[in-house]
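Reading the structure
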Amino acid sequence: MKRNIGGWVMVGLVAVCCGMMGSCKKETKSGGGAPPPRQAQKIVVGFSQIGAESGWRTANTESIKGEAAKRGIDLQFSDAQSKQENQIKAIRSFIAQDVDVIAFSPVVTTGWQEVLQEAKQAGIPVILSDRAVDVTDDSLYVTFIGSDFIEEGRLAANWVVKATGGKANIAELVGTPGSAPANDRATGFREVMAKYPEMKIIKTQSGDFTRTKGKEVMEAFLKSPEGKQINLLYAHNDDMAIGAIQAMEAAGVKPGVDIKIVSIDGVKGAFEAMVAGKLNCTVECNPLIGPALFDAVEKLMKGETLPKRTVIEESVYEQSQAAEAIKTRAY
Ligand code: GYE
(Lines give C-alpha, C1' and ligand atoms only; values in the text may rest on other atoms or scores of the structure.)
Protein backbone atom coordinates (compact mmCIF):
# COMPACT_ATOMS: atom_id res chain seq x y z
CA MET A 1 0.00 0.00 0.00
CA LYS A 2 1.30 3.45 -0.86
CA ARG A 3 1.69 6.23 1.63
CA ASN A 4 -0.88 9.00 1.59
CA ILE A 5 0.84 11.72 3.52
CA GLY A 6 1.40 15.35 2.69
CA GLY A 7 5.11 14.88 3.25
CA TRP A 8 5.21 11.95 0.87
CA VAL A 9 3.92 13.73 -2.25
CA MET A 10 7.10 12.71 -4.09
CA VAL A 11 6.31 9.07 -3.56
CA GLY A 12 2.79 9.66 -4.89
CA LEU A 13 4.12 11.43 -7.96
CA VAL A 14 6.58 8.65 -8.66
CA ALA A 15 3.76 6.12 -8.36
CA VAL A 16 1.62 8.07 -10.85
CA CYS A 17 4.48 8.41 -13.34
CA CYS A 18 5.38 4.75 -13.02
CA GLY A 19 1.73 3.87 -13.49
CA MET A 20 1.61 5.89 -16.73
CA MET A 21 4.71 4.16 -17.99
CA GLY A 22 3.39 0.80 -16.88
CA SER A 23 6.49 0.06 -14.85
CA CYS A 24 5.62 0.68 -11.20
CA LYS A 25 6.85 -2.24 -9.09
CA LYS A 26 3.90 -2.09 -6.67
CA GLU A 27 1.30 -1.86 -9.44
CA THR A 28 -0.54 -5.16 -9.88
CA LYS A 29 -1.83 -5.89 -13.35
CA SER A 30 -5.23 -7.53 -12.96
CA GLY A 31 -6.61 -6.85 -16.44
CA GLY A 32 -9.76 -5.09 -17.71
CA GLY A 33 -9.41 -2.15 -15.31
CA ALA A 34 -10.54 -4.37 -12.38
CA PRO A 35 -9.47 -3.10 -8.93
CA PRO A 36 -6.23 -4.61 -7.65
CA PRO A 37 -6.67 -7.69 -5.49
CA ARG A 38 -7.21 -6.99 -1.75
CA GLN A 39 -3.82 -8.45 -0.97
CA ALA A 40 -2.18 -5.52 -2.77
CA GLN A 41 -3.73 -3.11 -0.24
CA LYS A 42 -1.96 -4.63 2.78
CA ILE A 43 0.14 -2.23 4.79
CA VAL A 44 3.74 -3.46 5.01
CA VAL A 45 5.64 -2.67 8.23
CA GLY A 46 9.27 -3.57 8.87
CA PHE A 47 10.00 -4.00 12.60
CA SER A 48 13.48 -4.42 14.03
CA GLN A 49 13.32 -5.89 17.54
CA ILE A 50 16.31 -5.86 19.91
CA GLY A 51 16.25 -9.54 20.80
CA ALA A 52 14.80 -11.70 23.57
CA GLU A 53 16.85 -10.55 26.57
CA SER A 54 13.98 -10.40 29.08
CA GLY A 55 10.41 -11.36 29.91
CA TRP A 56 9.46 -7.79 29.02
CA ARG A 57 10.92 -8.15 25.52
CA THR A 58 9.12 -11.45 24.89
CA ALA A 59 5.79 -9.89 25.88
CA ASN A 60 6.55 -6.87 23.68
CA THR A 61 7.27 -9.10 20.67
CA GLU A 62 4.05 -11.07 21.22
CA SER A 63 2.05 -7.85 21.47
CA ILE A 64 3.50 -6.53 18.19
CA LYS A 65 3.14 -9.78 16.24
CA GLY A 66 -0.35 -10.46 17.62
CA GLU A 67 -1.66 -7.00 16.84
CA ALA A 68 -0.26 -7.01 13.30
CA ALA A 69 -1.93 -10.37 12.61
CA LYS A 70 -5.24 -9.13 14.05
CA ARG A 71 -5.23 -6.09 11.76
CA GLY A 72 -4.07 -7.94 8.62
CA ILE A 73 -0.85 -5.97 8.47
CA ASP A 74 2.08 -7.55 6.64
CA LEU A 75 4.76 -7.49 9.38
CA GLN A 76 8.38 -8.04 8.37
CA PHE A 77 9.86 -8.90 11.78
CA SER A 78 13.59 -9.03 12.39
CA ASP A 79 15.36 -10.07 15.63
CA ALA A 80 18.73 -8.31 16.09
CA GLN A 81 20.08 -10.61 18.82
CA SER A 82 20.94 -7.52 20.88
CA LYS A 83 23.34 -6.13 18.23
CA GLN A 84 23.04 -2.61 16.83
CA GLU A 85 24.78 -3.63 13.57
CA ASN A 86 22.00 -6.18 12.97
CA GLN A 87 19.37 -3.51 13.53
CA ILE A 88 21.06 -1.21 11.02
CA LYS A 89 21.20 -4.07 8.48
CA ALA A 90 17.52 -4.83 9.04
CA ILE A 91 16.53 -1.18 8.55
CA ARG A 92 18.56 -1.03 5.31
CA SER A 93 16.82 -4.15 4.06
CA PHE A 94 13.39 -2.62 4.90
CA ILE A 95 14.39 0.44 2.87
CA ALA A 96 15.43 -1.81 -0.04
CA GLN A 97 12.05 -3.59 0.17
CA ASP A 98 10.32 -0.19 0.19
CA VAL A 99 8.06 -1.07 3.14
CA ASP A 100 5.34 1.45 4.03
CA VAL A 101 6.57 2.13 7.58
CA ILE A 102 9.68 1.17 9.56
CA ALA A 103 9.41 0.72 13.33
CA PHE A 104 12.18 -0.31 15.69
CA SER A 105 13.26 -0.52 19.29
CA PRO A 106 16.81 0.87 19.39
CA VAL A 107 19.21 -1.16 21.51
CA VAL A 108 21.30 1.94 22.32
CA THR A 109 20.57 5.65 21.89
CA THR A 110 23.47 6.70 19.63
CA GLY A 111 24.66 5.82 16.10
CA TRP A 112 21.36 6.05 14.18
CA GLN A 113 21.76 9.33 12.30
CA GLU A 114 23.02 7.85 9.03
CA VAL A 115 20.56 4.99 8.59
CA LEU A 116 17.61 7.17 9.61
CA GLN A 117 18.72 9.72 7.04
CA GLU A 118 18.61 6.94 4.43
CA ALA A 119 15.05 6.05 5.44
CA LYS A 120 14.04 9.70 5.22
CA GLN A 121 15.56 10.05 1.76
CA ALA A 122 13.64 6.96 0.67
CA GLY A 123 10.44 8.61 1.93
CA ILE A 124 9.74 5.89 4.51
CA PRO A 125 8.42 7.11 7.88
CA VAL A 126 10.09 5.72 11.01
CA ILE A 127 8.38 5.06 14.35
CA LEU A 128 10.42 4.57 17.53
CA SER A 129 8.94 1.82 19.65
CA ASP A 130 9.75 1.58 23.37
CA ARG A 131 13.18 3.30 23.36
CA ALA A 132 14.37 6.72 22.22
CA VAL A 133 17.36 7.66 20.05
CA ASP A 134 19.81 10.49 20.39
CA VAL A 135 19.73 12.42 17.10
CA THR A 136 20.19 16.12 16.45
CA ASP A 137 17.42 16.20 13.82
CA ASP A 138 14.13 14.95 15.24
CA SER A 139 12.51 14.93 11.79
CA LEU A 140 14.33 11.60 11.33
CA TYR A 141 11.42 9.85 13.08
CA VAL A 142 7.72 10.64 13.07
CA THR A 143 6.82 9.58 16.59
CA PHE A 144 8.14 7.87 19.71
CA ILE A 145 5.80 5.53 21.60
CA GLY A 146 7.06 4.27 24.95
CA SER A 147 7.34 4.68 28.71
CA ASP A 148 8.89 7.51 30.68
CA PHE A 149 11.99 5.75 32.03
CA ILE A 150 13.17 8.73 34.11
CA GLU A 151 9.85 8.66 35.95
CA GLU A 152 10.25 4.91 36.52
CA GLY A 153 13.64 5.58 38.17
CA ARG A 154 12.05 8.23 40.40
CA LEU A 155 9.22 5.88 41.37
CA ALA A 156 11.72 3.16 42.33
CA ALA A 157 13.68 5.66 44.47
CA ASN A 158 10.50 6.97 46.11
CA TRP A 159 9.69 3.43 47.12
CA VAL A 160 13.18 3.06 48.66
CA VAL A 161 12.62 6.26 50.65
CA LYS A 162 9.29 4.92 51.90
CA ALA A 163 10.70 1.48 52.78
CA THR A 164 13.95 2.64 54.46
CA GLY A 165 13.26 6.16 55.69
CA GLY A 166 15.87 7.40 53.22
CA LYS A 167 18.79 5.45 54.68
CA ALA A 168 20.17 2.57 52.62
CA ASN A 169 23.35 1.03 51.24
CA ILE A 170 22.32 0.34 47.70
CA ALA A 171 23.59 -2.05 45.04
CA GLU A 172 22.44 -1.16 41.53
CA LEU A 173 22.09 -3.57 38.61
CA VAL A 174 22.18 -1.37 35.53
CA GLY A 175 20.55 -2.25 32.17
CA THR A 176 22.32 -2.45 28.81
CA PRO A 177 25.04 0.25 28.74
CA GLY A 178 24.07 3.17 26.50
CA SER A 179 20.40 2.16 26.25
CA ALA A 180 17.69 4.72 26.97
CA PRO A 181 16.14 2.75 29.87
CA ALA A 182 19.53 2.22 31.56
CA ASN A 183 20.49 5.89 31.22
CA ASP A 184 17.11 7.23 32.29
CA ARG A 185 16.41 4.80 35.13
CA ALA A 186 19.79 5.73 36.62
CA THR A 187 19.05 9.45 36.21
CA GLY A 188 15.56 9.39 37.73
CA PHE A 189 16.72 7.33 40.71
CA ARG A 190 19.65 9.66 41.44
CA GLU A 191 17.45 12.72 41.12
CA VAL A 192 15.39 11.57 44.12
CA MET A 193 18.44 10.23 45.98
CA ALA A 194 20.06 13.67 45.86
CA LYS A 195 17.58 14.78 48.55
CA TYR A 196 18.56 11.92 50.90
CA PRO A 197 22.28 12.02 51.79
CA GLU A 198 22.03 8.73 53.68
CA MET A 199 20.90 6.84 50.62
CA LYS A 200 24.16 5.64 49.07
CA ILE A 201 24.91 3.58 45.97
CA ILE A 202 27.85 1.45 47.11
CA LYS A 203 27.97 -0.92 44.12
CA THR A 204 26.84 -0.37 40.54
CA GLN A 205 27.38 -2.48 37.43
CA SER A 206 25.57 -3.55 34.28
CA GLY A 207 23.74 -6.88 34.20
CA ASP A 208 22.65 -6.23 30.61
CA PHE A 209 18.93 -6.69 31.41
CA THR A 210 19.37 -10.50 31.60
CA ARG A 211 18.85 -13.03 34.40
CA THR A 212 22.22 -14.70 33.81
CA LYS A 213 24.19 -11.47 34.04
CA GLY A 214 22.09 -10.24 36.97
CA LYS A 215 22.99 -13.40 38.87
CA GLU A 216 26.68 -13.21 37.97
CA VAL A 217 27.05 -9.55 38.96
CA MET A 218 25.13 -9.99 42.22
CA GLU A 219 27.44 -12.90 43.12
CA ALA A 220 30.43 -10.59 42.62
CA PHE A 221 28.75 -7.77 44.62
CA LEU A 222 28.21 -10.13 47.56
CA LYS A 223 31.80 -11.36 47.49
CA SER A 224 33.25 -7.82 47.32
CA PRO A 225 34.55 -6.03 50.46
CA GLU A 226 31.32 -3.95 50.58
CA GLY A 227 29.12 -7.04 50.08
CA LYS A 228 28.01 -7.34 53.72
CA GLN A 229 26.86 -3.73 53.88
CA ILE A 230 24.37 -3.99 51.00
CA ASN A 231 20.82 -3.83 52.35
CA LEU A 232 18.97 -2.75 49.24
CA LEU A 233 19.07 -3.78 45.58
CA TYR A 234 17.81 -1.56 42.78
CA ALA A 235 17.63 -3.57 39.54
CA HIS A 236 16.78 -1.77 36.29
CA ASN A 237 14.59 -4.74 35.30
CA ASP A 238 12.86 -7.73 36.90
CA ASP A 239 14.94 -10.35 35.11
CA MET A 240 18.19 -9.07 36.65
CA ALA A 241 16.45 -8.96 40.07
CA ILE A 242 15.34 -12.58 39.64
CA GLY A 243 18.91 -13.60 38.76
CA ALA A 244 20.17 -11.66 41.80
CA ILE A 245 17.66 -13.43 44.05
CA GLN A 246 19.23 -16.75 43.00
CA ALA A 247 22.72 -15.40 43.79
CA MET A 248 21.56 -14.19 47.24
CA GLU A 249 19.99 -17.53 48.09
CA ALA A 250 23.15 -19.38 47.04
CA ALA A 251 25.15 -17.08 49.35
CA GLY A 252 22.80 -17.63 52.32
CA VAL A 253 21.33 -14.11 52.12
CA LYS A 254 17.53 -13.78 52.40
CA PRO A 255 16.24 -11.83 49.37
CA GLY A 256 13.44 -9.40 50.25
CA VAL A 257 14.43 -9.52 53.94
CA ASP A 258 18.20 -9.16 54.46
CA ILE A 259 18.41 -7.25 51.22
CA LYS A 260 15.23 -5.46 50.11
CA ILE A 261 14.71 -5.42 46.35
CA VAL A 262 12.99 -3.02 43.96
CA SER A 263 13.00 -3.57 40.21
CA ILE A 264 11.21 -2.40 37.08
CA ASP A 265 8.89 -4.00 34.46
CA GLY A 266 6.15 -5.84 36.37
CA VAL A 267 6.48 -9.17 34.52
CA LYS A 268 4.86 -12.38 35.83
CA GLY A 269 8.15 -13.61 37.35
CA ALA A 270 8.34 -10.49 39.51
CA PHE A 271 4.83 -11.03 40.85
CA GLU A 272 5.69 -14.66 41.64
CA ALA A 273 8.83 -13.51 43.48
CA MET A 274 6.75 -10.96 45.45
CA VAL A 275 4.16 -13.60 46.39
CA ALA A 276 7.09 -15.75 47.63
CA GLY A 277 8.32 -12.79 49.72
CA LYS A 278 11.61 -12.47 47.80
CA LEU A 279 11.00 -9.22 45.92
CA ASN A 280 9.56 -6.12 47.59
CA CYS A 281 8.39 -3.87 44.79
CA THR A 282 8.17 -3.64 41.00
CA VAL A 283 7.57 -0.48 39.01
CA GLU A 284 5.44 -1.37 36.03
CA CYS A 285 6.71 -0.76 32.50
CA ASN A 286 4.04 -1.84 30.05
CA PRO A 287 5.37 -3.87 27.07
CA LEU A 288 1.98 -4.18 25.34
CA ILE A 289 2.76 -1.51 22.78
CA GLY A 290 1.30 -3.34 19.73
CA PRO A 291 -2.10 -1.58 19.66
CA ALA A 292 -0.63 1.94 20.03
CA LEU A 293 2.05 1.16 17.44
CA PHE A 294 -0.37 -0.03 14.75
CA ASP A 295 -2.86 2.76 15.55
CA ALA A 296 0.00 5.10 14.69
CA VAL A 297 0.84 3.15 11.50
CA GLU A 298 -2.78 3.24 10.31
CA LYS A 299 -3.08 6.95 11.06
CA LEU A 300 0.12 7.61 9.10
CA MET A 301 -1.24 5.70 6.12
CA LYS A 302 -4.38 7.86 6.21
CA GLY A 303 -2.24 10.96 6.13
CA GLU A 304 -2.97 12.01 9.72
CA THR A 305 -0.40 13.85 11.81
CA LEU A 306 0.87 12.06 14.91
CA PRO A 307 1.96 13.52 18.24
CA LYS A 308 5.76 13.42 18.47
CA ARG A 309 5.53 11.48 21.75
CA THR A 310 3.03 8.98 23.21
CA VAL A 311 3.70 8.03 26.83
CA ILE A 312 2.49 4.64 28.06
CA GLU A 313 0.81 4.82 31.49
CA GLU A 314 1.88 2.52 34.35
CA SER A 315 1.77 1.88 38.12
CA VAL A 316 3.83 0.65 41.08
CA TYR A 317 3.15 -2.72 42.77
CA GLU A 318 4.32 -3.62 46.26
CA GLN A 319 4.63 -7.08 47.80
CA SER A 320 1.35 -6.73 49.74
CA GLN A 321 -0.61 -6.22 46.49
CA ALA A 322 1.04 -9.06 44.56
CA ALA A 323 -1.23 -12.02 45.41
CA GLU A 324 -4.30 -10.13 44.21
CA ALA A 325 -2.69 -8.42 41.22
CA ILE A 326 -1.05 -11.58 39.84
CA LYS A 327 -4.51 -12.96 38.96
CA THR A 328 -5.06 -10.34 36.30
CA ARG A 329 -1.59 -9.68 34.93
CA ALA A 330 -1.49 -10.01 31.13
CA TYR A 331 2.27 -10.62 30.85
O1 GYE B 1 12.67 -2.76 30.93
C2 GYE B 1 13.87 -4.53 29.90
C3 GYE B 1 14.09 -4.81 28.46
O4 GYE B 1 13.29 -1.15 26.82
C5 GYE B 1 11.64 -0.94 28.48
O6 GYE B 1 14.19 -3.54 27.86
C7 GYE B 1 12.55 -1.84 27.77
C8 GYE B 1 13.51 -2.62 28.66
C9 GYE B 1 12.87 -3.44 29.75
O10 GYE B 1 15.04 -5.68 28.17
O11 GYE B 1 13.41 -5.65 30.59
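Everything that follows concerns the structure shown earlier in this document.
Residues numbered from 1 in each chain as written. Predicted model: local features only at pLDDT ≥ 70, side-chain atom pairs only at ≥ 80, totals over all residues. Heavy atoms only, no water.

1. Remarks on the overall build of the chain
Which entries qualify depends on this criterion: A run of DSSP states H or I qualifies as a helix once it reaches four residues; a run of E qualifies as a strand once it reaches two. Both are numbered from the N-terminal end. Relative accessibility decides the category of a residue: with a 1.4 Å probe and only protein chains considered, values under 20% of the type maximum give buried, values over 50% give exposed, and everything between is partly exposed. Using a 1.4 Å probe, accessible areas were evaluated by the Shrake-Rupley method; residue-level cover was limited to the displayed protein chains.
Check the secondary structure of the chain and you find eleven helices and twelve strands. Counting over 331 residues, the chain shows a buried share of 50%. For the chain, the exposed surface amounts to about 14,900 Å²; the carbon and sulfur share of it is 53%.

2. Considering unusual backbone geometry
Of all residues except glycine, most have a negative phi; of all peptide bonds, most are trans. The backbone of Ser82 sits at a positive phi, close to 65°, despite the residue not being glycine. The topology assignment puts Ser82 in the loop between strand E2 (74–79) and helix H3 (84–97). Its identity is not glycine, yet Phe209 carries a phi of approximately 70°, on the positive side. Following the sequence through the fold, Phe209 ends up in the loop between strand E7 (199–206) and helix H7 (211–223).

3. As for the sheet that holds strand E8 (residues 232–235)
Note the following rule: Any two strands are treated as partners once DSSP identifies two or more bridges connecting them. Helix axes use the C-alpha atoms of the stretch in contact, all axes being lines fitted to C-alpha atoms, and the angles between their N-to-C directions lie in the range 0 to 180 degrees.
One open sheet holds the six strands; their spatial order is E7-E6-E8-E9-E10-E12, and the pairing between them is mixed. Each edge of the open sheet carries a strand with a single partner, namely E7 and strand E12 (316–318). Within the sheet, the average angular offset between the axes of one strand and its neighbour, ignoring direction, is 20°. Where strand E6 (residues 168–174) and E7 come together, seven bridges link them in parallel fashion.

4. With respect to helix H5 (residues 149–164)
Owing to its 3.6 residues per turn, the α-helix brings residues three or four apart onto one side. Going by this rule: Expected helix span is given by 1.5 Å per residue-to-residue step, counting one fewer step than there are residues. Within 3.5 Å is the distance limit for a polar contact, defined as a pair of N or O atoms, with the added protein rule that one can donate a hydrogen and the other accept it, and that residues adjacent in sequence qualify only through two side-chain atoms.
With 16 residues, H5 should reach 22 Å at 1.5 Å per residue; the first-to-last C-alpha distance of 23 Å fits that figure. One side-chain oxygen at the N-terminal end of H5 lies 3.2 Å from the backbone nitrogen of Ile150; it belongs to Asp148. Gly165 sits one or two residues past H5 and shows a positive phi near 70°.

5. With respect to the sheet that holds strand E4 (residues 126–129)
The parallel open sheet is built from six strands, whose spatial order is E2-E1-E3-E4-E5-E11. Edge positions in the open sheet fall to E2 and strand E11 (309–311), since each of these has one partner strand only. Across this sheet, the average inter-strand angle for adjacent strands is 15°, counted without regard to direction. Relative to strand E5 (residues 143–146), E4 is paired through three bridges, and the arrangement is parallel.

6. Examining the site of the ligand
The test is simple: Here a residue is considered near a molecule or strand provided that any single heavy atom belonging to it is located within 4 Å of it. The nonpolar class holds Ala, Val, Leu, Ile, Met, Phe, Trp, Tyr, Cys and Pro. Asp, Glu, Lys and Arg form the charged class, and all remaining residues, Gly among them, are polar.
The full set close to the ligand counts 13 residues, and Glu53, Asp130, Arg131, Arg185 and Asp265 are the nearest of them. At 2.8 Å, a side-chain N or O of Arg131 approaches an oxygen atom of the ligand. Between the ligand and Arg185 there is a distance of 2.8 Å, counted from an oxygen atom to a side-chain nitrogen or oxygen. For the ligand, the accessible surface in isolation is 300 Å², of which the surrounding protein chains cover 100%. Elements that contribute at least two residues to the shell around the ligand include exactly helix H2 (55–71) and helix H6 (180–193). Taken together, the residues of the shell around the ligand sort by class into five nonpolar, two polar and six charged.

7. Some details on the environment of Gln87
Here Gln87 shows up in helix H3. Of the residues examined, Gln87 reaches a relative accessible area of 0% and is grouped as buried. Put simply, Gln87 and Phe47 are 40 residues apart on the chain and 9.4 Å apart in space, counted from C-alpha to C-alpha.

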